[in-house]
Structure formats: C-alpha cells, structure tokens
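Architecture and fold: a report
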Amino acid sequence: MKIFIFLYLHIVYPLYTLWFAMHASLVQENLSYVGNLDGMHLYFIVWAIMCETALALGFQRCLPKCLHAKRLMPWIVISALLFLISVILPYFPQSHPLSAQFHIALSFIGLIMILVVIIMMVISLCFSYTIFPYDYLLILIDGIALGIYGAHHMSVNSLVEVFLGITLPIYLYHLRGKIS
C-alpha cells in the first residue's frame, strides 16, 4: 500500500496537476480560470478531489503523531469543504461577479486554514519530538512566502497553486519519516 501512496503523491497527482495547469499561463492565470474554460470544469473538480486526497494521505501519516491532532482535525475538514465548495462554484468574474467573489473567498480561507494547521502541527511535533525537519523547512517557508505574495497582490496564480498543491502533501508524507 505504501508504494501506491508514494506513486500517487509523487507521480500521478503531480502529473495530473501539471497537465491541468498547462492549459493557461502559470504566471498570469490561476487554476480557477483554467477550471472554468470550456469543457474543463469537470477536470477542475477532479483536480480538487485529487488535491484533497493527496493532503489527506499526507496528514494520515503525520497527524496522529501530533499532540493536538483532535483539535486540528476539524480545521482540516472545514478547509477541505471550503476548498471543494469553491471549486464547484463557477468562476466567471465578468458575468457572475458575486459567485466569483465567493469562489475566491472560500478558496483563500481554506488555503490559509490548511497552512495554519500545518504550521501548528509542525510546531507541535517539534515540541513533542524535540527534532525539527530542517531539510523540509525550505518547502514550508516557500509555501508561506508564496501565500503571502498572493495575499499581498490579492491574487494567486497557477504557479503558487501548483507549487503548494504538489509540495504540501509530499512535505506531510515525508515529515512522518523524520519523526518515527
């Protein structure tokens, strides 16, 4: 089973994410734009489900080691629901601006929630295991920096979404190996 999880996180999910993202500019557009191109909305929903599955697989490995796992679990579930609802909502800023604003708000809140959960989990693991996975710290810092960049410019491009979407589940998956 570990090999299937490894293959999913390192090959299947990243390749699908890259295939999906290549339908628009990585720097000028975001995945919401791609997901609402003609014929791409179903692929967008599939990507969101794959993304949530990848995060769940990552959390499954390291969350049980966290002292505050029971407190963090509802935040993870709420974040996942916000993300999935945002993906279902159409993102057409010109013709449906209110729906687009809800889409942006839900996805942004979900992203911030999941980043906060990961930070809280890593801090908890540091206190309980007195180790720190310095080799993966750069991934986490880059993810946070990209999130702050997106918040500052009030937009997140596909590059940020692809980077965070692929690296965070892998970060969580390998974090377990550092603490067990």
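Residues numbered from 1 in each chain as written. Predicted model: local features only at pLDDT ≥ 70, side-chain atom pairs only at ≥ 80, totals over all residues. Heavy atoms only, no water.

**Let's talk about the packing of aromatic side chains**
In total, this model carries 8 aromatic pairs according to the counting rule given. Relative to Tyr 13, the ring of Tyr 8 lies with its centre 6.2 Å away and its plane at 25°, an arrangement referred to as stacked. As far as the burial class goes, Tyr 8 and Tyr 13 line up, both buried. Summarising the aromatic geometry, the rings of Trp 19 and Tyr 43 are spaced 5.3 Å apart at their centres and angled 75° between planes, so their arrangement reads as edge-to-face. Of this pair, Trp 19 sits in helix H1 (residues 2-21) while Tyr 43 sits in helix H3 (residues 41-62), and the two are 24 residues apart along the sequence. On the accessibility criterion, Trp 19 (31% relative accessible area) is partly exposed. Taken together, the aromatic side chains of Phe 20, Phe 44, Trp 47 and Phe 83 make up a single cluster linked through ring pairs. Taking NZ or CZ as reference, Arg 61 lies 4.3 Å from the ring centre of Tyr 173, over its face. (Phe/Tyr/Trp six-rings, centres within 6.5 Å; stacked < 30°, edge-to-face > 60°. Buried < 20%, exposed > 50% of the residue type's maximum accessible area, 1.4 Å probe, protein only. Helix = DSSP H or I, 4+ residues; strand = E, 2+ residues; numbered from the N terminus. Lys NZ or Arg CZ within 6 Å of the ring centre and 35° of its normal.)

**Quick look at the side chain of Glu 161**
Looking at the secondary structure, you find Glu 161 in helix H7 (residues 158-179). This buried residue, Glu 161, is left without a salt bridge; Arg 61 holds the nearest opposite charge, at 26 Å. Of the polar contacts made by the side chain of Glu 161, one reaches the backbone nitrogen of Leu 31; its length is 2.6 Å. (Lys, Arg positive; Asp, Glu negative; His and termini not counted. Salt bridge = Lys/Arg side-chain N within 4 Å of Asp/Glu carboxyl O. Polar contact = N/O pair within 3.5 Å; in protein donor to acceptor, adjacent residues only side chain to side chain.)

**Overview of the nonpolar core**
Counting 24 residues, the largest nonpolar core has Tyr 8, Leu 9, Tyr 13, Phe 20, Leu 31 and Trp 47 as the members making the most contacts within it. Of all the secondary structure elements, the ones that give two or more residues to this core are H1, helix H2 (31-35), H3, helix H4 (69-88) and H7. Setting aside chain neighbours within four positions, we find Trp 47 in contact with Tyr 13, Tyr 16, Thr 17, Phe 20, Leu 31 and Phe 83. In terms of nonpolar packing, the next biggest core, distinct from the first, is built from 22 residues, Ile 118, Leu 164, Leu 168 and Leu 175 among them. (Core = buried A, V, L, I, M, F, W, Y, C linked by side-chain atoms within 4.5 Å. Contact = heavy atoms within 4.5 Å.)

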